[in-house]
Amino acid sequence: MTTKTHRSPVSEFRLLTMPLVVFLLVFLGFPAIVNLVYSVSSVSFETLRSPEITGFGNFADVWRDGTFWRASWFSFRFGLLTAILECALGLFLAIFLAPLIERRSWLMAILMLPLMVAPALVGLMYRLVLHEFAGPVPYYLWAWFGASLSFLGPGSAFWTLVTVETLQWTPFAFLLFYMAYQAIPREIVEASAMDGARYRHRLWYIELPLMMPTIVVALLIRFIDGFRVFDNVYVLTGSGPGGSTASLSIYIYEAFFKQGAIGKAVAASVVLFIASFVVLYGLNAIAARRKGAAR
Amino acid sequence: MTFARLKKGGLIAAAIATLLAGPAFAKVTVLGWPGGPEEAALRAAADTYNAKPDVSDDNKVELLFFNRDGFWDKLQADLAAGSAAFDVNLLATYSIGRYAPFMEPVELSGEAKDVYGDQVLTTMQYEGKQFGVPTDLSLHFMYYRKDLIDALLKDDAAKAKYAEIAEKHLGKKLEPKNPDEWTWDDYAATALYFTQAVNPDSPTRYGTVLQLKNLLFNMMVFQSLPRAYGGNWMDDAGKITVDSEAYRKGLETYKMLYDAGATPRDSLSYEFAEANAAYASGQVAAMVQWNAAASELMSKEKSPVVGEVTEAIAPPAGPEGRFTHIHGLGFGLNKNAANKEGAKAFITWLSSKEAALVYARNSGAPALTPDVVKDVAAERPDLVKLGEFAGKYGYVMNGGTSAKALSVYELQAKEFTGYWSGQQSLDDALKNTEKGMAELLK
């Protein structure tokens, strides 16, 4: 005779989630706690194991540091602009190339190619492409117009970086929008056409509203990715003359490794974490309220 | 448990143990600079050392290489963590102070002074103690187009135009000179003369190419200009002296050249490779660049346009003389070395004449004294100039090997490029630099 032990659903849930909890505690919780300690400590590479708690001086340093605010503004502008440009271009391509891709699916593979290249390599590639004496773009500009633009000069570096980022990541937005566009039930579109809706009306009143959740998610993902940009900017311009192209990630990296200001770098990352948390919490609350209102 | 399972488990355990114990097999593990001539030279030196009959099996050298990207940051993290994965590690002049707490001073061979000379040995010293063997030295040359300068010196009309340009931009009439007699003003006047934006008849688009990217290495290239006017990071009392006429002169000269279009507009994103490409294109008349570029810029095969007409000399002079910023790569002793005695023996040998010559013959760039370099002069003529310039014009700024030297270069790079790009005034750039340096070097 065998005996069966019955576990309650609650204890089963606890048991099953245990590995995840342990994983999160070890790989996220521990570093987070160490970071919190470092952010209120005087710490260097020599004293990593024995930081001296000194209060909120590191946060005050970050707050007073003009470079931090400049980097924050750069990251915000860069993230917002690239997200809007990538989504606008991605949406345009998804809607207008959809009939072509349906017939020639191999085009999709070509359009996805930029995503396959590591951002640091993209930076290196454009360093070469835009170089006045080695790059094809300035070469032809000199040949045709007798002058070339200063692509990475102080006045234009930001826009060059935005263009490079947009060219690389538009395929990502395009992929999301293409899938969302394909998922729109054909019968709805056909019914509206039967009712006499013109193409632009179908696009504006039916297709775009149905794609809106995907558009919002794509904008958010691309904004986050653009906001935390590091690789291609660092390779192309470093932090720029006078720190003019330093993103927040570059600011934190340079404070940590180049200046050895570990406490300050970690304090900046804590500020970034809190700001991100507040924004995401706010967005979540708005989404929940809209969901409640829709019911 | 079956025997088969036991055997399988044993094999897996043995494999894991072997993997984990990998570094323990190393006799003396040396962490080197990966890729390039430094690696080739170190390999040759290690082979020579290992072949010596008096080096026991327990003290043979094994080499270890990280990737170059982020090398110094990874090394710092490893040393700070007390790693014993290597006994001897690479170090650089500007980072000795940063790593010194995790390293031990070393004793060099009795020949070291005669092999390298005092000036070069200082590149591996910190607080009066020797922390490494200076195996590779970097300094700067003034590269110039001999064909263009010769033509200028022979042409009276060109000389008149040169004087006119010098008076307009530098406020004084200057005559073209042989580059070996140049002051920094002569260099600036020549750069302006060979710039099409200033002189439409110039055979080159730009007179010079400045490396103005916000990068610490570019600051090393820049330092020799203020130094020639007496500039230094701090005086003997430890007071920061960057807000000085010497630095003003240097910064203003660069700014004037950039604003006049004597260097490409994208120079603010240029470093070593970009500057070389610009010069090699044949559109630049002269530039200050690292000695490492000599093999590329003076080779007909690698630089067909300029290879045969390029000369390299020491940077121009100022009222205080002629200077070239030197910094070295070398090898020092990890405080947590597993085989400290073996490591010490290798370091002592590495500083001997025998090792220096092996290193030099196998692509390394040691700065050797005239008596030693003559043994390899036929194979490595470039080392003759390297040793001569290092001994005659080499300098390390006060504080240039301190724990925060790297951060000082970083700070200067940010503030000075901010001035050159027009984002802040010269006064602000110098004030911010002095304030930051006082904090870093206190």
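Trainee: For this particular structure, what's the right way to read the overall build of chain B?
Mentor: Scanning chain B from N- to C-terminus turns up 19 helices and 16 strands. Here chain B has a C-alpha radius of gyration of 24 Å; the compact-globule value for 442 residues is 22 Å, and the two agree. Principal axes of the C-alpha set define a box for chain B whose edges measure 95 × 50 × 50 Å. Expressed as a percentage of the 442 residues in chain B, the buried residues total 59%. A sequence separation of at least 24 residues applies to 73% of the contacts in chain B between residues at least 6 apart. With an accessible surface of roughly 17600 Å², chain B has 52% of that area assigned to carbon and sulfur atoms. Positive and negative charge centroids in chain B, built from 46 and 57 side chains respectively, lie 4 Å apart.

Trainee: What should I look at first to understand the overall build of chain A in this one?
Mentor: Counting its secondary structure elements, chain A contains 13 helices and two strands. Taking 2.2 N^0.38 as the reference for a compact globule, 295 residues should give roughly 19 Å; the C-alpha atoms of chain A span a radius of gyration of 25 Å, well beyond that estimate. Across its three principal axes, chain A shows a C-alpha extent of roughly 90 × 70 × 45 Å. Across the 295 residues of chain A, 37% fall into the buried class. For chain A, contacts bridging at least 24 residues in sequence account for 66% of all contacts bridging at least 6. Split by element, the accessible area of chain A, about 17700 Å² in all, is 71% carbon and sulfur. The averaged location of the 16 negative side-chain charges in chain A is 6 Å from the averaged location of its 22 positive side-chain charges.

Trainee: I keep staring at a nonpolar patch on the surface and nothing clicks. Help me out?
Mentor: Residues Met18(A), Leu20(A), Val21(A), Val22(A), Phe23(A), Leu24(A), Leu25(A), Val26(A), Phe27(A) and Leu28(A) make up a contiguous nonpolar surface patch of about 950 Å² in total accessible area. Assignment of secondary structure puts Met18(A) in helix 1 (residues 9–39).

Trainee: Any chance you could explain the packing of helix 3 (residues 66–103) of chain A against helix 10 (residues 199–227) of chain A here in plain terms?
Mentor: Pairs of packed helices are described in terms of their axes, by the angle between the two and the distance that separates them. All names here are of chain A. Two numbers describe how helix 3 lies on helix 10: the axes approach to 9 Å, and their chain directions differ by 145°. The two elements helix 3 and helix 10 cross, and the hand of that crossing is right-handed. Of the residues belonging to the contact of helix 3 with helix 10, the class tally is 18 nonpolar, five polar and two charged.

Trainee: Which parts of the structure should I look at to understand the pairing of strand 1 (residues 28–32) of chain B?
Mentor: Looking along a regular strand, one sees side chains alternate from face to face of the sheet. Residue and element names in this part refer to chain B. Among the five residues of strand 1, five are classified as buried, and the element is accordingly described as predominantly covered. Of the two faces of strand 1, both are covered, the one formed by Val28, Val30 and Gly32 as well as the one formed by Thr29 and Leu31. The pairing of strand 1 with strand 2 (residues 61–65) spans five bridges and is classified as parallel. Each bridged residue has a counterpart across the sheet, and for glycine 32 the counterpart in strand 2 is phenylalanine 65. For strand 1 and strand 3 (residues 88–92), the ladder comprises two bridges, and the chain directions are parallel.

Trainee: Help me out: how do you make sense of the interface of chain B and chain A in this one?
Mentor: Interface size is commonly expressed as the accessible surface area that is lost when the partners come together. If you look at the interface, chain B gives 32 residues, while chain A gives 33 residues. Roughly 2700 Å² is buried in total at the junction of chain B and chain A, and carbon and sulfur atoms are behind 50% of that figure. Our count for the chain B to chain A interface comes out at four salt bridges. We note a salt bridge from Arg205(B) to Glu132(A), for which the minimum N-O separation is 2.8 Å. Between the two partners, chain B and chain A, sit 19 residue pairs in polar contact (both at pLDDT 80 or more). Broken down by secondary-structure element, the contributors of at least two residues to the side of chain B that touches chain A are helix 3 (71–80), helix 12 (272–280) and helix 18 (405–420) of chain B. If you tally residues by element for the side of chain B that touches chain A, the top one is helix 18 of chain B, at five residues.

Trainee: When you look at helix 12 of chain B in this model, what are you seeing that I'm missing?
Mentor: Three or four residues apart is the spacing at which side chains of an α-helix point the same way, because the helix has 3.6 residues per turn. Those residues of helix 12 of chain B that sit buried are Glu274(B), Ala275(B), Asn276(B), Ala278(B), Tyr279(B) and Ala280(B). Looking at the buried residues of helix 12 of chain B, the elements they touch are helix 6 (119–129) of chain A together with strand 8 (140–145), strand 10 (284–290), helix 13 (294–297) and strand 11 (310–313) of chain B.

Trainee: Is there a simple way to explain the pattern of salt bridges in this structure?
Mentor: Where charged atoms from two side chains of opposite charge come close, those side chains can pair. Within the structure shown, the criterion is met by 33 salt bridges over all chains. Note that Arg127(A) and Glu274(B) form a salt bridge whose closest N and O atoms lie 2.6 Å from each other. Of the two residues, Arg127(A) is situated in helix 6 and Glu274(B) in helix 12; the pairing between them involves two chains. Considered together, Arg127(A) and Glu274(B) belong to a single accessibility category, that of buried residues. A salt bridge links Glu379(B) to Arg361(B); the nearest nitrogen and oxygen atoms lie 3.2 Å apart. With Glu379(B) in the loop between helix 16 (370–373) and helix 17 (381–393) and Arg361(B) in helix 15 (residues 353–361), the pair connects residues that are 18 residues apart, well separated along the chain.

Trainee: Where do I start with the domain arrangement of chain B in this structure?
Mentor: Residues and elements named next belong to chain B. Domain annotation of chain B identifies domain 1 (10–138 + 327–395) and domain 2 (140–325 + 404–440). Between domain 1 and domain 2, a total of about 1500 Å² is buried, with carbon and sulfur atoms accounting for 67% of that surface. Considering only the surface of domain 1 that becomes buried against domain 2, Tyr94, Tyr393 and Tyr395 emerge as the three largest contributors, covering 51% of it. Viewed at the interface, domain 2 and domain 1 are joined by zero salt bridges. For the pair domain 1 and domain 2, the interface holds five residue pairs in polar contact (both at pLDDT 80 or more). In terms of residues, the side of domain 1 that touches domain 2 owes the most to one element, helix 17, which gives four residues.

Trainee: What should I look at first to understand the packing of aromatic side chains in this one?
Mentor: Two aromatic rings, taken as a pair, are described by how far apart their centres are and by the angle between their planes. For the structure on display, the rule yields 51 aromatic pairs over all chains. A centroid spacing of 5.4 Å and a plane angle of 50° characterise the contact between Tyr253(A) and Phe257(A), whose relative ring orientation is tilted. Taken together, the residues Tyr253(A) and Phe257(A), both in helix 12 (residues 248–258) and four residues apart, mark about one turn of the helix. For Tyr253(A), a relative accessible area of 21% translates into the label partly exposed. Seen in terms of ring centroids, Phe222(B) and Phe416(B) are 5.8 Å apart; in terms of plane orientation they differ by 70°. Their pairing is edge-to-face. Of this pair, Phe222(B) sits in helix 10 (residues 216–228) while Phe416(B) is found in helix 18, placing the two residues 194 residues apart along the sequence.

Trainee: Would you mind showing me how to read helix 18 of chain B here?
Mentor: Residues and elements named next belong to chain B. The end-to-end C-alpha distance of helix 18, which contains 16 residues, comes to 22 Å, matching closely the 22 Å that a straight helix rising 1.5 Å per residue would cover. Burial runs high along helix 18: 15 of the 16 residues are buried. Positive phi shows up at glycine 422, right after helix 18, with a value of about 80°.

Trainee: Teacher, can you tell me more about the side chain of Ser407(B) here?
Mentor: In this fold, Ser407(B) is placed in helix 18. Among the residues examined, Ser407(B) registers a relative accessible area of 5% and is labelled buried. Side-chain polar atoms of Ser407(B) contact the backbone oxygen of Lys258(A), separated by 2.9 Å. If we skip the residues at most four places from it in the chain, Ser407(B) touches Lys258(A), Gln259(A) and Leu440(B).

Trainee: How should I be thinking about the packing of helix 18 of chain B against helix 19 (residues 426–440) of chain B in this particular structure?
Mentor: Residues and elements named next belong to chain B. Contact geometry for helix 18 and helix 19: axes closest at 9 Å, N-to-C directions at 170°. As summarised for this structure, helix 18 and helix 19 are arranged roughly antiparallel, according to the angle between their axes. Each of Ser407, Val408, Leu411, Gln412, Glu415, Phe416 and Tyr419 in helix 18 lies in contact with helix 19, whose residues at this interface are Leu426, Ala429, Leu430, Asn432, Thr433, Gly436, Met437 and Leu440. Here the contact of helix 18 with helix 19 is composed, by residue class, of nine nonpolar, five polar and one charged.

Trainee: For this particular structure, what's the right way to read the sheet that holds strand 10 of chain B?
Mentor: Backbone-to-backbone hydrogen bonds join strands into a sheet, with any given pair of strands oriented parallel or antiparallel. All names here are of chain B. With mixed pairing, the four strands of this open sheet are ordered in space as 9-10-8-11. Strands at the two margins of the open sheet, each flanked by one partner only, are strand 9 (206–208) and strand 11. The average angle at which neighbouring strand axes cross in this sheet is 25°, direction not considered.

The rules we used
Residues numbered from 1 in each chain as written. Chains lettered and ligands numbered in written order. Predicted model: local features only at pLDDT ≥ 70, side-chain atom pairs only at ≥ 80, totals over all residues. Heavy atoms only, no water. Helix = DSSP H or I, 4+ residues; strand = E, 2+ residues; numbered from the N terminus. Rg over C-alpha atoms; globule rule 2.2 N^0.38 Å. Buried < 20%, exposed > 50% of the residue type's maximum accessible area, 1.4 Å probe, protein only. Contact = heavy atoms within 4.5 Å. Areas by Shrake-Rupley, 256 points an atom, 1.4 Å probe, with all protein chains shown as cover. Lys, Arg positive; Asp, Glu negative; His and termini not counted. Charge placed at Lys NZ, Arg CZ, Asp CG, Glu CD. Patch = residues over 30% accessible without salt bridge, like charges linked within 9 Å, V, L, I, M, F, W, Y side chains within 5 Å. Salt bridge = Lys/Arg side-chain N within 4 Å of Asp/Glu carboxyl O. Axes fitted to C-alpha atoms, helices over the stretch in contact; angles between N-to-C directions. Left-handed = near helix turned anticlockwise from the far one by under 90°. Nonpolar A, V, L, I, M, F, W, Y, C, P; charged D, E, K, R; others polar. Pairing = 2+ DSSP bridges. Buried area = accessible area lost by both parts, 1.4 Å probe. Polar contact = N/O pair within 3.5 Å; in protein donor to acceptor, adjacent residues only side chain to side chain. Domains from an automatic or database assignment. Phe/Tyr/Trp six-rings, centres within 6.5 Å; stacked < 30°, edge-to-face > 60°. Expected span 1.5 Å × (residues − 1). Parallel < 35°, antiparallel > 145°, perpendicular 65-115°, else oblique.

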